[in-house]
Amino acid sequence: MNERFEVVGIRPLPDPPARRRRWYEGKPLFSAGVLALIVLGCLLLPLMGTRDPSYMDLARCGVPPCGEFLFGTDAMGRDIFSMIWYGGRLSLFIGLAAALLSTAIAILFGAVSGCAPAWLDGLLMRLTEILLSVPSLLVIVLLQAVMGKASVLSIALVIGVTSWTGMAKIVRTEVRQIRASEYVLASRCMGGGFFHILWRHLTPNFVSSIMFMAVMNVRSAIAAESTLSFMGIGLPVEVVTWGSMLSLSEKALLSGDWWIILIPGGFLVAALLCITSLGSCLRRNINRRENNLY
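Residues numbered from 1 in each chain as written. Predicted model: local features only at pLDDT ≥ 70, side-chain atom pairs only at ≥ 80, totals over all residues. Heavy atoms only, no water.

Draft legend 1. Looking closely at the overall build of the protein. When you go through the protein residue by residue, the secondary structure sums to eleven helices and zero strands. The N-to-C order of helical and strand elements in the protein reads α-α-α-α-α-α-α-α-α-α-α. Residue burial in the protein is summarised as follows: out of 294 residues, 40% are buried. When contacts within the protein are restricted to residue pairs at least 6 apart in sequence, those whose partners lie at least 24 apart make up 69%. Of the roughly 17400 Å² that the protein leaves accessible, carbon and sulfur atoms contribute 67%. (Helix = DSSP H or I, 4+ residues; strand = E, 2+ residues; numbered from the N terminus. Buried < 20%, exposed > 50% of the residue type's maximum accessible area, 1.4 Å probe, protein only. Contact = heavy atoms within 4.5 Å. Areas by Shrake-Rupley, 256 points an atom, 1.4 Å probe, with all protein chains shown as cover.)

Draft legend 2. Inspection of the packing of aromatic side chains at higher detail. According to the stated counting rule, one finds seven aromatic pairs in the structure shown. Considering the side-chain rings of Phe 81 and Trp 85, the 6.1 Å spacing of their centres and the 80 degrees angle between planes classify their relative orientation as edge-to-face. Taken together, the positions of Phe 81 and Trp 85, both in helix H2 (residues 80–115) and four residues apart, correspond to about one turn of that helix. An identical accessibility class is assigned to Phe 81 and Trp 85; each is buried. Here the aromatic rings of Trp 85 and Phe 267 are separated by 5.3 Å at their centres, their planes lie at 85 degrees, and the arrangement is edge-to-face. Taken together, the residues Trp 85 in helix H2 and Phe 267 in helix H11 (residues 259–290) connect sequence positions 182 residues apart. For Trp 85, a relative accessible area of 10% gives the class buried. Through pairs of rings, three or more aromatic residues link up here, namely Phe 71, Phe 81, Trp 85 and Phe 267. (Phe/Tyr/Trp six-rings, centres within 6.5 Å; stacked < 30°, edge-to-face > 60°.)

Draft legend 3. Structural detail: a nonpolar patch on the surface. A cluster of nonpolar side chains, Leu 137, Val 141, Phe 230, Met 231 and Ile 233, forms an exposed patch at the surface whose accessible area comes to about 420 Å². At the level of elements, helix H4 (136–147) and helix H8 (194–231) are the ones that each hand at least two residues to the nonpolar patch. If you trace the backbone, Met 231 turns up in helix H8. Judged by its relative accessible area of 46%, Met 231 falls in the partly exposed class. (Patch = residues over 30% accessible without salt bridge, like charges linked within 9 Å, V, L, I, M, F, W, Y side chains within 5 Å. Salt bridge = Lys/Arg side-chain N within 4 Å of Asp/Glu carboxyl O.)

Geometry only, nothing functional implied.
Next comes the structure, spelled out in structure tokens:
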């Protein structure tokens, strides 16, 4: 039997060619571009000699968008185009200031709770859970009523001191996992204080975990300021922000001046959606690095 037989069956397929992932895939380039244009417009356009956003031209109240007024005028004759860019600076400032304050409080509170004894840690966490159970908007309204007349700094302060609880729980969990590490113990033995250890050894290990929440706090602060102004308990009308512009929406609806609502609301929604998209991309990247099964 010199016949030659060929075994027929399942044959292994060659491995598909490795596809190199392009640098822009999975990145919110559109959201980043739109947000960059809004930020640059808020920073640069007021320096290019636009109209005074607080000037009330009572002879031109409620003018629709035209060549002279690109976005029209509001019920008090103010140029909405100028108000958008001037007000955007204050809205973005409130969001960034409130986010920085809440992040600083969360890091300090969470680190103290994570390094504290069991009884103190439990007490601090019960306090955090109590604050989490109370709607933040009610606490903001209460604090603002105690502080009196609203201003840009007071709004940023009350929003910042009421939006740190969720982030503090994450910081506390991360600190409890790494507080017994060798480099932390070595730093303690060498005389390192609490703030030295927090800044040099603890914070670099959990900053990536809270970065997503810090970005989302910017969005939440801008939305909270707009909500307060829309309810009539935020910044006064003469202080131009996107929220204070929306506070005139009731009169705009009655008069049919759609541009007074649609244009400021469109800028606000676009900024919030772009920040949300950037935060979601940041969270996916963090999960990809930390998940071994991804």
